[in-house]
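Descriptive structure summary
Residue strings, one per chain:
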Amino acid sequence: SQQGEEDPQALSIQEGENATMNCSYKTSINNLQWYRQNSGRGLVHLILIRSNEREKHSGRLRVTLDTSKKSSSLLITASRAADTASYFCARPEGAQKLVFGQGTRLTINP
Amino acid sequence: GAGVSQSPRYKVAKRGQDVALRCDPISGHVSLFWYQQALGQGPEFLTYFQNEAQLDKSGLPSDRFFAERPEGSVSTLKIQRTQQEDSAVYLCASSFLAGEGDTQYFGPGTRLTVL
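Residues numbered from 1 in each chain as written. Chains lettered and ligands numbered in written order. Predicted model: local features only at pLDDT ≥ 70, side-chain atom pairs only at ≥ 80, totals over all residues. Heavy atoms only, no water.

Attention now goes to the sheet that holds strand 7 (residues 65-68) of chain B. Residue and element names in this part refer to chain B. The sheet built from four strands is open, its strands ordered 1-3-8-7 with antiparallel pairing. In the strand order of this sheet, the two ends are held by strand 1 (5-7) and strand 7, each with one partner. The mean inter-strand angle of the sheet, taken between neighbouring strand axes irrespective of direction, is 15 degrees. Judged from the four bridges that link them, strand 7 and strand 8 (residues 75-79) form a sheet pairing that is antiparallel. If you follow Ala 67 over to strand 8, its bridge partner there is Leu 77. (Pairing = 2+ DSSP bridges. Helix = DSSP H or I, 4+ residues; strand = E, 2+ residues; numbered from the N terminus. Axes fitted to C-alpha atoms, helices over the stretch in contact; angles between N-to-C directions.)

A word on the side chain of B:Gln37. Residue placement: B:Gln37 occurs in strand 4 (residues 31-37). When its relative accessible area of 8% is taken as the criterion, B:Gln37 is described as buried. A distance of 2.9 Å separates polar atoms of two side chains, one belonging to B:Gln37 and the other to A:Gln37. Once you skip the residues sitting within four places of it in the chain, B:Gln37 turns out to touch A:Gln37, A:Phe88, B:Gly42, B:Pro43, B:Ala88, B:Val89 and B:Leu91. (Buried < 20%, exposed > 50% of the residue type's maximum accessible area, 1.4 Å probe, protein only. Polar contact = N/O pair within 3.5 Å; in protein donor to acceptor, adjacent residues only side chain to side chain. Contact = heavy atoms within 4.5 Å.)

Interface size is commonly expressed as the accessible area that is lost once the parts come together. Each side of the interface is counted separately: chain A has 21 residues, and chain B has 20 residues. Summed over both sides, the interface of chain A with chain B buries roughly 1,700 Å², with 48% coming from carbon and sulfur. Counting across the interface, chain A meets chain B through zero salt bridges. Applying the counting rule to chain A against chain B returns two residue pairs in polar contact (both at pLDDT 80 or more). Of all the secondary-structure elements, those providing two or more residues to the side of chain A that touches chain B are strand 4 (31-38), strand 5 (42-50), strand 9 (85-93) and strand 10 (97-100) of chain A. (Buried area = accessible area lost by both parts, 1.4 Å probe. Salt bridge = Lys/Arg side-chain N within 4 Å of Asp/Glu carboxyl O.)

A separate point is the packing of aromatic side chains. Summed over the entire model, instances satisfying the criterion amount to 10 aromatic pairs over all chains. Plain terms: the ring middles of A:Tyr35 and B:Phe106 are 5.6 Å apart, the flat faces sit at 85 degrees to each other, and that makes the pair edge-to-face. Here A:Tyr35 is found in strand 4, whereas its partner B:Phe106 is found in strand 10 (residues 105-106) on a different chain. The residues A:Tyr35 and B:Phe106 share a single accessibility class, namely buried. Aromatic side chains B:Phe65 and B:Tyr90 sit 6.5 Å apart centroid to centroid with 40 degrees between the ring planes, which places their arrangement in the tilted category. Of this pair, B:Phe65 sits in strand 7 while B:Tyr90 sits in strand 9 (residues 88-95), placing them 25 residues apart in sequence. Owing to a relative accessible area of 4%, B:Phe65 belongs among the buried residues under this scheme. We classify B:Tyr90 as buried; its relative accessible area is 0%. Every member of this aromatic cluster is reached through a ring pair, and the members are A:Tyr35, A:Phe88, A:Phe100, B:Phe33, B:Tyr35, B:Phe45, B:Tyr48 and B:Phe106. (Phe/Tyr/Trp six-rings, centres within 6.5 Å; stacked < 30°, edge-to-face > 60°.)

Take the environment of B:Leu91 next. Its location among the elements puts B:Leu91 in strand 9. Here the alpha-carbon distance between B:Leu91 and B:Gln36, two residues 55 residues apart in the chain, equals 6.1 Å. When near neighbours in sequence (up to four residues on either side) are disregarded, B:Leu91 contacts A:Gln37, A:Leu43, B:Gln6, B:Phe33, B:Trp34, B:Tyr35, B:Gln37, B:Pro43, B:Phe106, B:Gly107, B:Pro108 and B:Gly109.

Put into structure tokens, the structure is as follows:
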């Protein structure tokens, strides 16, 4: 069973707008990871944020982590058509396997 | 190779048939994972190898599912007597080391349809 919950399940915005996706989880974590999946490139690792970090940036991506609320958010700024994809948060369980959320389907309209 | 490769990319099986799905991880990667992804859902963990050792198979849904990695590189996921509920995309991932923060690199997946 999946233990992460993404919100919203689907998001549709205009190109150039910002997109925010949220992820909640139930157990304590050492890190949280975000992945993107589209039909062209499969599942791709975007960013990892550790439990002692509150915010991390990578290009147009900004991830925040609030361990007290057990939640994380992914912000994509100045969205492009190529950002259309499903976005998943994932947390490691044990030392190896990842537990994924159900994902947010993001559509960028031209 | 440049990334994780999987074959076949698509597989259609009649209910009751056996199937074998292949994964070629990135060369030198110690860890290899199999995940199952149902339509509209996130991937769910099936099993994990560190080199040739299968250290975790807690996610395999039944004893019809079997995975191996005999030489610590290529892995095969075998499903016996396939059922319709086995229809899903099967993803393979590899990582260089075996640590919690190591990035997992995913293959394109095999889409299995059981009729």
